[in-house]
Amino acid sequence: ALIRAADEHPPLRARAPDSACDAPAGGPSPYDALGRQIRTQLAPGEAQIAWALVARLDDNGYLRATPKALAAELGLAPAQLVPVLERFRGFEPAGIAARDLKDCFARQLVAQDALTGPLRTFLAHLEDYAAGRRATVARACGVTAAELPALAARLRRLNPYPARLFCNRTAPIRRPDHRVVTAATELRADL
C-alpha cells in the first residue's frame, strides 16, 4: 500500500525491504560503520572530506564519479581529495567506494592478499568471459581452459555490493543547531 501511494504521489518515496541485505534488521548504517573508521583514522580536515564521500556512495556502495569530478563538486583541488579518497577506499567493508565492479573485486582481493596475476587479468577480461570467449580469457590469463572455472569461482565468493552489508542506509537524525520560526511578520532564529 505504501509503495502504491508513493507511485501515485511523486513527493513520497517508498522502497520495499531489501531482502539481499546481509545484516540483521536495525544493523549498522554506513554512517555508523564508516564513521567509526573516519573518526579514528583521519584528521579533522580529512574527516570532513570523507563524510562528503559517504554521502555520495550509491546504494551498492560505489563511488562512480572520477576524482577530478568529485574534487570539482566538493570545491577541492584533486591533490586534496585523492589521498583521502584512497584511504577511504581502504576502509571496511572491502570494496566500499569502488569505481565499478572490477575495482570492487580487485580491492576485496587485495584486502585478502589474493590478487594474483591471473585474477588481475581475469578481472580485466570479465566482459569476454561473460560473452563466452573462454579461450581468449584463458590465453590472456596464462591458464588452461580447465583452470578458468576456478578463477570465476574465486570471484563469485566476493561481495559485488559492499553497501548491502548496511541495512540501515539512512543518515542518523540529529537535533538541528538552528531553528527558524515565524513570529507574526518576522522570522526568528533560535540556537
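In this numbering scheme, every chain counts its residues from 1 along its sequence in written order. Local features in this predicted model are restricted to residues whose pLDDT is 70 or higher, and side-chain atom pairs enter the listing and the counts only when it is 80 or higher, whereas totals over whole chains, interfaces and linings include all residues. To obtain the side-chain values, all non-hydrogen atoms of the structure were used and water was disregarded.

1. Regarding the packing of aromatic side chains
Step number 1: The criterion for an aromatic pair is that two Phe, Tyr or Trp rings (for Trp, the six-membered ring) have centres within 6.5 Å, with stacked assigned to planes under 30 degrees apart, edge-to-face to planes over 60 apart and tilted to the rest. Following the criterion strictly, the structure yields 3 aromatic pairs and no others.
Step number 2: Both rings, one in Y31 and one in W51, keep their centres 6.4 Å apart while their planes meet at 10°; by these two values the pair is stacked. Remark: W51 occurs in helix α3 (residues 44-55) and Y31 occurs in helix α2 (residues 30-41); sequence separation between them is 20 residues.
Step number 3: Buried residues are those whose accessible area, probed at 1.4 Å on protein chains only, stays under 20% of the maximum for their type, while exposed residues exceed 50% and partly exposed ones sit between those limits. Its relative accessible area of 21% is what places Y31 among the partly exposed residues. A helix here means a DSSP run of H or I that spans at least four residues, while a strand means a run of E at least two residues long, and both kinds are numbered starting from the N terminus.

2. Observations concerning the side chain of D128
Step number 1: Note that D128 resides in helix α8 (residues 126-130).
Step number 2: Under the rule applied, a polar contact is a pair of N or O atoms within 3.5 Å (in protein, one hydrogen donor and one hydrogen acceptor; residues adjacent in sequence only if both atoms are side-chain atoms). Within the structure, D128 has its side chain in polar contact with the side chain of R133 (distance 2.8 Å).
Step number 3: In contact with D128, not counting residues within four places along its chain, are R133, T136 and V137. What makes two residues a contact is simply this: any of their non-hydrogen atoms within 4.5 Å.

3. Some details on the nonpolar core
Step number 1: To qualify as a nonpolar core, a set must consist of buried Ala, Val, Leu, Ile, Met, Phe, Trp, Tyr and Cys residues joined through side-chain atoms within 4.5 Å. Residues I38 and F88 are the most contacted members of the largest nonpolar core, which totals 22 residues.
Step number 2: Within the residue set of this core, elements represented by two or more residues are α2, α3, α4 (67-74) and α5 (78-88).
Step number 3: The element best represented in this core is α3, accounting for 5 residues.
Step number 4: The contacts of I38, once residues within four sequence positions are left out, are A47, A50, W51, V54, F88 and F91.
Step number 5: Core analysis: the next-biggest nonpolar cluster, separate from the first, contains 19 residues, A106, L109, A138 and V143 among them.

4. Thoughts on unusual backbone geometry
Step number 1: Of note, the bond from E92 into P93 is cis; its omega dihedral lies within 30 degrees of zero at 0°.
Step number 2: Along the chain, P93 turns up in the loop between α5 and α6 (101-111).
Step number 3: Backbone geometry at A97 places phi at a positive 70°, although glycine is not the residue there.
Step number 4: Note that A97 resides in the loop between α5 and α6.
Step number 5: Judged by its relative accessible area of 0%, A97 is buried.

5. Regarding the packing of α2 against α3
Step number 1: Look at α2 against α3: their axes get within 10 Å of each other, and the N-to-C directions meet at 160°. With respect to each other, α2 and α3 are oriented roughly antiparallel. The crossing of α2 and α3 is right-handed. The residues of α3 that touch α2, namely those facing Y31, L34, G35, I38 and R39, are A47, A50, W51, V54 and A55.
Step number 2: Three categories are distinguished: nonpolar for Ala, Val, Leu, Ile, Met, Phe, Trp, Tyr, Cys and Pro, charged for Asp, Glu, Lys and Arg, and polar for the others, with Gly belonging to the last. Across the contact of α2 with α3, the residue classes tally to 8 nonpolar, 1 polar and 1 charged. Between N-to-C directions, angles span 0 to 180 degrees; the directions come from axes that are lines fitted to C-alpha atoms, helices contributing only their stretch in contact. Angles below 35 degrees are treated as roughly parallel, those above 145 as roughly antiparallel, those between 65 and 115 as roughly perpendicular, and all remaining angles as oblique. Less than a right angle of anticlockwise turn of the near helix away from the far helix marks a crossing as left-handed, whereas a clockwise turn marks it as right-handed.

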